[in-house]
Amino acid sequence: MYAYIDGKLVFKSAAYVVIDAGGVGYHINISLHTYSKLGDNERAKLFTWLHVKEDAHTLYGFAEEGERRLFLHLISISGIGPNTGRMMLSSITPEEIQNAIISGNVALIQRIKGIGPKSAQRIILELQDKLRKEGPETLSIMPLNKTAKEEALGALVMLGFARAAAEKVLEQEINKNQGDLTVEQLIKFALKSL
């Protein structure tokens, strides 16, 4: 529902922040990773996710889009709720979590409070292929001025295609047409070839 909230940082603790955006104070739960990224800034922009239950609507905020994406992957697993996902992101960095999942490092994931051996194995089993397809750069901040190829590649990966295969097809299309293609044209050509 909310992509991000940007405003004045009114209150900050290791567990949550309050951001005043347009005269409304938003109580947003955060991880320690996000807490460390906020620093001493007076303004904050957090990428958010709204968790809706019968008895509560809870906002979770992330300093980076990649951290939010990893959080959503984690909570998609049976038995991993938003608080456990936040605990995981507070225990070790998103990069360490992603690398542990991709490399199958059960021991590292199991060291996180609240994650037992079965949960650690389930996380790796269910997310390993997804995170491999997306590639390690999904946690990094994407450049604002992306090329048509980068945007098309991002869209194809989000649709579930393997990054390497999509990149190869896009490169072939760009070479065939001397690079004069829009994002939409690139995606259409790639969908026919993949």
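Refer to the structure presented above.
In what follows, the accompanying structure is described. All values derive from a computational prediction rather than experimental measurement. (Residues numbered from 1 in each chain as written. Predicted model: local features only at pLDDT ≥ 70, side-chain atom pairs only at ≥ 80, totals over all residues. Heavy atoms only, no water.)

**Considering the overall build of the protein chain**
When helices and strands are counted, the protein chain shows nine helices and five strands. The secondary structure elements of the protein chain, listed N-terminal to C-terminal, are β-β-β-α-β-β-α-α-α-α-α-α-α-α. Based on the C-alpha atoms only, the size of the protein chain along its principal axes is roughly 55 × 45 × 35 Å. Residue pairs at least 24 apart in sequence account for 51% of intrachain contacts in the protein chain once pairs closer than 6 positions are excluded. Entry remark: accessible area of the protein chain is about 10,900 Å², with carbon and sulfur atoms responsible for 53%. Averaging the locations of the 23 positively and 22 negatively charged side chains of the protein chain gives two centres separated by 5 Å. (Helix = DSSP H or I, 4+ residues; strand = E, 2+ residues; numbered from the N terminus. Contact = heavy atoms within 4.5 Å. Areas by Shrake-Rupley, 256 points an atom, 1.4 Å probe, with all protein chains shown as cover. Lys, Arg positive; Asp, Glu negative; His and termini not counted. Charge placed at Lys NZ, Arg CZ, Asp CG, Glu CD.)

**Quick word on helix H4 (residues 94–103)**
For H4, the set of buried residues is Pro94, Ile97, Gln98, Ala100 and Ile101. Within H4, the buried residues cover an arc of 160 degrees as seen down the axis, which keeps them to one side. Its buried side turned inward, H4 meets helix H1 (32–38), helix H2 (65–75), helix H3 (82–91), helix H5 (106–110) and helix H6 (117–134). Positive backbone phi, at 75 degrees, marks Gly104, one or two positions downstream of H4. (Buried < 20%, exposed > 50% of the residue type's maximum accessible area, 1.4 Å probe, protein only. Arc of directions from axis to C-beta.)

**Some remarks on the packing of H2 against H6**
Where H2 contacts H6, the axes come no closer than 10 Å and their chain directions differ by 145 degrees. In the packing of H2 onto H6, the handedness of the crossing is right-handed. For the pair H2 and H6, the contacting residues are Arg69, Leu70, His73 and Leu74 in the first and Ile123, Leu127, Lys130, Leu131 and Glu134 in the second. Its residues placed into classes, the contact of H2 with H6 shows five nonpolar, one polar and three charged. (Axes fitted to C-alpha atoms, helices over the stretch in contact; angles between N-to-C directions. Left-handed = near helix turned anticlockwise from the far one by under 90°. Nonpolar A, V, L, I, M, F, W, Y, C, P; charged D, E, K, R; others polar.)

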